[in-house]
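Examining the three-dimensional arrangement
This is what each chain is made of:
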Protein chains: 2
Amino acid sequence: MHTSAISLPIFSPPKTLKSQFLSSLNPTPFPIQTRLLSTRPTLTIRSAVAIEKETPENERPETFLRQSDDAAASLSSSSASSIRGRFEKMIREAQDSVCAAIEAVDGGKFEEDVWSRPGGGGGISRVLQEGNVWEKAGVNVSVVYGMMPPEAYRAAKGEGSAEGVKAGPVPFFAAGISSVLHPKNPFAPTLHFNYRYFETDAPKDTPGAPRQWWFGGGTDLTPAYIFEEDVKHFHTVQKKACDKFDPSFYPKFKKWCDDYFFIKHRGERRGLGGIFFDDLNDYDQEMLLAFSTECTKSVIPAYIPIIERCKDMPFTEQHKAWQQLRRGRYVEFNLVYDRGTTFGLKTGGRIESILVSLPLTARWEYDHQPEEGSEEWKLLDACINPKEWV
Amino acid sequence: MHTSAISLPIFSPPKTLKSQFLSSLNPTPFPIQTRLLSTRPTLTIRSAVAIEKETPENERPETFLRQSDDAAASLSSSSASSIRGRFEKMIREAQDSVCAAIEAVDGGKFEEDVWSRPGGGGGISRVLQEGNVWEKAGVNVSVVYGMMPPEAYRAAKGEGSAEGVKAGPVPFFAAGISSVLHPKNPFAPTLHFNYRYFETDAPKDTPGAPRQWWFGGGTDLTPAYIFEEDVKHFHTVQKKACDKFDPSFYPKFKKWCDDYFFIKHRGERRGLGGIFFDDLNDYDQEMLLAFSTECTKSVIPAYIPIIERCKDMPFTEQHKAWQQLRRGRYVEFNLVYDRGTTFGLKTGGRIESILVSLPLTARWEYDHQPEEGSEEWKLLDACINPKEWV
């Protein structure tokens, strides 16, 4: 994604250098894309990190993997050799099936932008805007390559201060699917999901140093009004996906989600959570690939039944205004805290892909306080004090 | 404003440690205010910096200065002794006159929140929301005291690495007026202005170290459509205010404004600029107080005639949608780049006062491109390539 990442530590306090890198995949690691029919005046993006230019493509390629990857992978002693390719296949199938499900409910069609990079990698952005059910729905996949500073690689391996070793930058691979779906009806919730896989090559100048890999992702629900059975249904589907793999996953990832989507300056979460995990590599790689696959397959059964139930509910201007205020909170979280968004903005990523996560419209009223006990108050209370839904 | 500011260096790359401190005054240095009639559920703000709680007041005090200030000031050999008090008086008069001018045009009334802090200092927030002409207008003044880490003090004095000196935290004083005015009509521009004065006490444990002080501020215009005569008028008033003091001010501060209000990830400015300056202490203090006063007095003649001309212009849905897209850019600048806003959010400032700068409503369309040569395109072009208006 970037050819130099030395400036990373300027961002908000990360857990580790490693997590700073993973943040680049959340939600949308799209670098700049040259517009085909741009009427925009010429401009120079002042970027903190030099990045390669993207090329728009007319057709989706079979794969965004580089040819050399297969050769390199076959030399590896690890069984991870095919994970890159299988992860890409999985997220592209997930993109197809989620878009098809959205189109079936909405009646509108996604528009698609395909791009590639000279050095390998690329992505597919799909956006449905001002549809019948969704005001803005984006589903993006990307497969990117870059260079990781040796400090980050060492931190990732848990060798924080191995100052003696003079290693060069380590090549990394990152693939992910990222989606935000904002419906029109104030009773129909916003959904976000994002699943990603990250891998470094074994550094050539440090014999014996292993290839590293991690999985990350999550699915979370952001309603403006609580229908308890819907929130329970959503969390139950997440829990079922988790329980197939490890009974500790759902409680752990549910809490991680509540902690991650926290709008610090408001003291509240942006929504009612779901699951979130990052930097996951302490389980079998095949198992985590299967788990990520299961999570993406859970998106439609978790979300579409809720939308079917809520999309045509009658509502008032007041309901719409409250939805718009909550959309304002969504904007605040994404622009101020979301690691992928802030990283993308600061490194000159493809802005339209990164900010497709923002709602079509949002609202900020001075000092708005919902009346205690009202439906709006109940939502706010659940965002401040996260509940156990299953 | 804060009792500890060690965490400051986590913010976006500053020019100097000093400017990080000044950023705390831009635009709205309001710490948390306890709500009188809050229906909000109990919550704990997780703040990067410990801050003192604010107390709502029923009446505006004569002054927010501490009684001890006058005594301390009279001991000082500097003629700066009365600057604190005179600056406070000036910004409070500016708040009164700007609010009166807004009310006269709008017909609506500002609501006022007054708050104080146990250790001294306080502020007055005034907001007019959903008026006849403005959808959201905020005019805030504050007078705050805090402690500045010795590193910041040394940096401010230009003694970057005087590690040998073991100085304690240095008390500082900061006062400012900050205002954002968002009209309803898409042809009527948004105005922002902010003027502030910053001072440190002479540190007791470092004999001979001087009292430090700086001025900062600016006034800038953000239209959705360009009426050249209006933009020229606005800049001409700014230039006249500057020229009364130094012919170098306008060109210098005009460029500073264009540079500051730059939305890096878009490669465009949020508006058509005006003047901006920060960390100003290399002129006579009396002169800079008079200059700041002149700038606040220029707000009404620079802005109100434009509003009178534009506020009732007929417009279409398309005009409104474009205004809303530009409001989205305003949100992006304030949440991602504005030093005062990001500082305030991260240190647990009074959120409603800080975010009163956000528009009532905003919009984000995927990949919106105005048609080349259109009025929307002309505005965007001027935001990308700043022009000389006078």
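Quick summary incoming for the structure in this document. Worth saying up front: this structure is predicted, and the values here are computed from it rather than measured. Each chain has its residues counted from 1, following the order in which its sequence is written. In the order they appear in the text, chains get letters beginning with A and ligands get numbers beginning with 1. In view of the model being predicted, local features appear only for residues whose pLDDT reaches at least 70, and side-chain atom pairs are presented and counted only at 80 or more, with totals across whole chains, interfaces and linings using the full set of residues. Side-chain numbers here rest on the full set of heavy atoms in the structure, without hydrogens or water.

**Here we look at the overall build of chain A**
Here is the rule: In this description a helix means any DSSP run of H or I spanning at least four residues, a strand means any run of E spanning at least two, and both kinds are numbered starting from the N terminus. When a residue's accessible area, from a 1.4 Å probe over protein chains only, is under 20% of the maximum for its type it is buried; when over 50% it is exposed; and in between it is partly exposed. Residue contacts are counted whenever heavy atoms from the two residues lie within 4.5 Å of one another. Note on areas: Shrake-Rupley, 1.4 Å probe, and residue coverage restricted to the protein chains presented here.
When helices and strands are counted, chain A shows 12 helices and 11 strands. Counting every position in chain A, which comprises 390 residues, the buried fraction comes to 62%. Of the contacts formed within chain A by residues at least 6 apart in sequence, a portion of 75% connects residues at least 24 apart. Element-wise, carbon and sulfur atoms account for 53% of the exposed surface of chain A, whose accessible area totals about 14,600 Å².

**Regarding the pairing of strand 5 (residues 170–183) of chain A**
Residues and elements named next belong to chain A. Cut-off, in case you're wondering: In this analysis, strands are considered paired if DSSP registers two or more bridges between them.
Buried residues dominate strand 5, accounting for 13 of its 14 residues. As paired elements, strand 4 (residues 134–148) and strand 5 share 14 bridges and run antiparallel to each other. For Ala137, the partnering residue across the bridge sits in strand 5 and is Leu181. Both strand 5 and strand 6 (residues 190–200) contribute to a ladder of 10 bridges, which runs antiparallel. Bridged to Ala175 within strand 6 is Tyr197. Linking strand 5 to strand 6, which pair antiparallel, is a turn of six residues.

**Comments concerning the sheet that holds strand 7 (residues 212–222) of chain A**
Residue and element names in this part refer to chain A. What counts, and what does not: Note on definitions: angles span 0 to 180 degrees between N-to-C directions of axes, and those axes are lines fitted to C-alpha atoms, for helices only across the stretch in contact.
Pairing in this open sheet of eight strands is antiparallel, and the strands run 1-2-3-4-5-6-7-10 from one edge to the other. This sheet does not close on itself; its edge strands, each paired only once, are strand 1 (55–57) and strand 10 (274–280). Across the sheet, the mean angle from the axis of one strand to that of its neighbour is 15 degrees, orientation sign disregarded. With 11 bridges joining them, strand 6 and strand 7 adopt antiparallel strand pairing. Across the sheet, the residue bridging to Asn194 is Gly218, located in strand 7. With respect to the sheet, helix 6 (residues 249–260) is in contact with strand 7 and strand 10, its orientation differing from that of strand 10 by roughly 95 degrees. The strands that helix 7 (residues 285–297) touches are strand 5, strand 6, strand 7 and strand 10; relative to strand 7, the one it contacts most, it runs at about 20 degrees.

**Remarks on the pattern of salt bridges**
Put simply, the test is: In what follows, salt bridge is the name for a side-chain nitrogen of Lys or Arg lying within 4 Å of a carboxyl oxygen of Asp or Glu.
A full pass over the atoms with the stated rule returns 61 salt bridges over all chains. Here Asp230 of chain A ties to Arg309 of chain A by a salt bridge, and the two come within 2.9 Å at their closest N and O atoms. Separated by 79 residues along the polypeptide, Asp230 of chain A in helix 5 (residues 228–243) and Arg309 of chain A in helix 8 (residues 299–310) bring together distant segments of the chain. Note that Arg329 of chain B and Glu268 of chain B form a salt bridge whose closest N and O atoms lie 2.7 Å from each other. In this pair, Arg329 of chain B is assigned in helix 9 (residues 317–337) and Glu268 of chain B in strand 9 (residues 268–269), connecting sequence segments 61 residues apart. The same class applies to Arg329 of chain B and to Glu268 of chain B, which are both buried. In the salt-bridge network here, residues are joined through shared partners; they are Arg60, Asp96, Glu112 and Arg126 of chain A.

**A few points about the packing of aromatic side chains**
Rule in force here: Only centres within 6.5 Å qualify two rings of Phe, Tyr or Trp (six-membered ring in Trp) as a pair; their planes then separate them into stacked at under 30 degrees, edge-to-face at over 60, and tilted for everything else.
Applying the stated criterion across every chain, the model contains 54 aromatic pairs over all chains. For the pair Phe249 of chain A and Phe253 of chain A, a centre-to-centre distance of 4.8 Å together with 35 degrees between the ring planes defines the contact as tilted. Of the two residues, Phe249 of chain A and Phe253 of chain A both sit in helix 6, four residues apart, roughly one turn of that helix. Comparing Phe249 of chain A with Phe253 of chain A shows no difference in burial state: the two are buried. Ring centres of Phe253 of chain B and Phe277 of chain B lie 5.0 Å apart, and the angle between their planes is 35 degrees; this geometry places the pair in the tilted category. In this pair, Phe253 of chain B sits in helix 6 (residues 249–260) while Phe277 of chain B sits in strand 10 (residues 274–280), placing the two residues 24 residues apart along the sequence.

**Digging into the sheet that holds strand 10 of chain B**
All names here are of chain B. Taken together, the eight strands give an open sheet; going across it, the order is 1-2-3-4-5-6-7-10, and neighbouring strands pair in antiparallel fashion. Looking at strand neighbours, the two that pair on one side only are strand 1 (55–57) and strand 10, the edges of this open sheet. Between one strand axis and the next, the sheet turns through 15 degrees on average, direction left out of account.

**Here we look at unusual backbone geometry**
All names here are of chain B. Positioned with a positive phi, Asp279 is a non-glycine residue whose angle comes to about 60 degrees. With a phi angle near 55 degrees, Asp367 is a residue other than glycine that sits in the positive phi range. Tracing the backbone shows Asp367 in the loop between strand 11 (361–363) and helix 12 (375–384).

**Some words on the environment of Lys346 of chain B**
Tracing the backbone through its elements, the reader meets Lys346 of chain B in helix 10 (residues 339–346). In the structure, Lys346 of chain B is positioned 291 residues away from Thr55 of chain B in sequence and 21 Å away in space, judged by C-alpha atoms.

**A few points about the packing of helix 3 (residues 83–106) of chain B against helix 7 (residues 285–297) of chain B**
Two measures define how a pair of helices packs: the angle their axes make with one another and the distance between the axes. Residue and element names in this part refer to chain B. For the record, the criterion: Any angle from 65 to 115 degrees is called roughly perpendicular, while one under 35 is roughly parallel, one over 145 is roughly antiparallel, and all others are oblique. Charged means Asp, Glu, Lys or Arg here, nonpolar means Ala, Val, Leu, Ile, Met, Phe, Trp, Tyr, Cys or Pro, and polar covers whatever is left, Gly included.
Across the interface, helix 3 lies against helix 7 with an axial gap of 10 Å and an inter-helix angle of 10 degrees. With respect to their mutual orientation, helix 3 and helix 7 come out roughly parallel. Residue-level inspection shows Ile83, Arg86, Phe87, Met90 and Ala94 of helix 3 in contact with helix 7, the latter providing Gln285, Glu286, Leu289, Ser292, Thr293 and Thr296. When the residues that make up the contact of helix 3 with helix 7 are grouped by side-chain class, the tally is five nonpolar, four polar and two charged.

**Focus: the state of the cysteines**
Note the following rule: Working definition: a disulfide is two cysteine sulfur atoms within 2.5 Å of each other.
Applying the stated criterion to the full structure yields zero disulfides over all chains. Here Cys310 of chain A stays free of any disulfide, with the sulfur of Cys383 of chain A as its closest cysteine sulfur at 16 Å.

Just distances and angles here, no functional claims.
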